[in-house]
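Here is how the chains run, residue by residue.
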Amino acid sequence: MQTTPAKARAYARIGDGALRFGTLAIDQRPPLMNLVAQALGRNPEDVGAEVAELKGLLAETLGRAVTGILIDPHYAFPAAMPALPRETGLMLTLEHHRFETLEGGWRKSQLIPGWSVERAVQMGADGLKLLAWHRPDAPQEIVEHQLEFVRRVGEACKRADRLFIFEVLPYPLPGEDEAAYNAKLREMSLEIAAAFADPSFHIDLYKLAFPGAARLVKEWGGSGYSLEDLEADMREYSKLPAPWLLLSGGLNADQFVQMLEAALNAGARGYLAGRAVWQHPLRFYPDQARVREALREEGLETISRLNELLHALKPMHPQVDWKLEGVAG
């Protein structure tokens, strides 16, 4: 894997310097907005200050245990940055949590209004993360929009010489049978990752979900496929042109630890986890003292289990030409 000196430095900033990434996501907006609104009996659109405060608490309690942290510019940045340890790498999210929904339920992704790669770089980001929704069976116009959307962001990241961290997720359509959707999720997950494998997207790090549905995993009471089957599937991810990280995707802590072990065996270089780390401790919200205590106990314990698996990975290093042409000695 070849990269520029600036991107090699960014890999080291959000990882451990050996292409191992133990990273935390607190850029989620609707999940935290809904949690806070429900706890306070308010409208999700009216709890921005409380969401920002909660994200600051997540950064304060968990930031030192991870190599990098992913935050959003609107809610998390003002609250998390003062609490963020200097040794923790910074990733900023680009996509708007609202997306355009067309007839039939098909989705078009968009950037946060007024936000861009250039502005995120000005704010100190080592890496820029973009989530794009994708269905391979969508109308051609939708597919082309999503591909071009991702390609434009990748080109902007290349110009800025910052890491492009790409997440792609499928989604159910309105009225789509849940069992039918889950049944095809395994194949669709591999297909959507492959759709963004071309180097022209300039992706430096993939953030991917395991290819399947949790309720179908045999070890968790399902009747579909085993962790061993999924490990074999995830080897396809390792054929992509850049390293990949496992996202937690709604798994609980124990499930995510098991899935990460399978992912690392399949070639993943780490994790970018959110809810698997902090969702359960947040059951005490709005009692911030109890939330803080639970994050320091349960949240940090989960991160410790994940990092124990991560540290067993063999170190890797990108290929970088460190010579500066035209600079006299």
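Above this note sits the structure.
Just so it is clear, the model here is predicted, and its values are computed rather than measured.

Conventions we followed
Residues numbered from 1 in each chain as written. Predicted model: local features only at pLDDT ≥ 70, side-chain atom pairs only at ≥ 80, totals over all residues. Heavy atoms only, no water. Helix = DSSP H or I, 4+ residues; strand = E, 2+ residues; numbered from the N terminus. Expected span 1.5 Å × (residues − 1). Bend = angle between axes of the 7 residues up to and from the residue. Buried < 20%, exposed > 50% of the residue type's maximum accessible area, 1.4 Å probe, protein only. Contact = heavy atoms within 4.5 Å. Axes fitted to C-alpha atoms, helices over the stretch in contact; angles between N-to-C directions. Parallel < 35°, antiparallel > 145°, perpendicular 65-115°, else oblique. Left-handed = near helix turned anticlockwise from the far one by under 90°. 1 Å grid on protein atoms, 1.4 Å probe; cavity = no way out; pocket = protein on both sides within 12 Å on 5 of 7 lines; lining within 4 Å. Points joined across faces, edges and corners; volume = space filled by probe spheres on them. Nonpolar A, V, L, I, M, F, W, Y, C, P; charged D, E, K, R; others polar.

## With respect to helix α11 (residues 288–311)
For an α-helix, 3.6 residues make a turn, and residues three or four places apart therefore share a direction.
Here is step 1: For α11, built from 24 residues, the straight-helix expectation of 34 Å at 1.5 Å per residue is met to within 8% by its first-to-last C-alpha distance of 32 Å.
Here is step 2: Most pronounced at L295, the bend in α11 amounts to some 35 degrees.
Here is step 3: Among the residues of α11, those classed as buried are V291, A294, L295, G299, T302, I303, L306, N307 and L310.
Here is step 4: Buried residues belonging to α11 abut β2 (21–25), α3 (48–62), α9 (253–266), β11 (270–273) and α10 (275–278).

## Details of the packing of α3 against α11
Here is step 1: For the pair α3 and α11, the least separation of the axes is 10 Å and the interaxial angle reads 45 degrees. Of the possible angle classes, the one that applies to α3 and α11 is oblique. Like other packed secondary-structure pairs, α3 and α11 cross with a definite hand, here right-handed. Here α3 contributes E53, L57, L58, E60, T61 and L62 to the contact with α11, which in turn contributes Q288, V291, R292, L295, R296, G299, L300 and I303.

## A short note on the environment of A120
Here is step 1: Residue placement: A120 occurs in helix α5 (residues 117–122).
Here is step 2: Expressed as a C-alpha distance, the spacing of A120 and V257, which sit 137 residues apart in the sequence, is 31 Å.
Here is step 3: Ignoring any residue separated from it by four or fewer positions in sequence, one finds A120 in contact with L92, L94, W115, A125 and L128.

## Some remarks on the layout of surface pockets
Here is step 1: When its volume is computed, the largest pocket comes out at roughly 1,100 Å³.
Here is step 2: As for the largest pocket, its lining consists of 47 residues, and the residues nearest its centre are W133, E167, L169, G249 and R275.
Here is step 3: The dominant element in the lining of the largest pocket, judged by the number of residues it contributes, is helix α7 (residues 178–194), at 6 residues.
Here is step 4: Here the lining of the largest pocket is composed, by residue class, of 25 nonpolar, 12 polar and 10 charged.
Here is step 5: For the second largest pocket, the calculated volume is near 390 Å³.
Here is step 6: Forming the walls of the second largest pocket are 20 residues, and the residues nearest its centre are Q2, K7, H202, I203 and D204.
Here is step 7: Among the secondary structure elements, those contributing two or more residues to the lining of the second largest pocket are β1 (2–3) and α1 (5–14).
Here is step 8: Taken together, the residues of the lining of the second largest pocket break down into 10 nonpolar, 5 polar and 5 charged.

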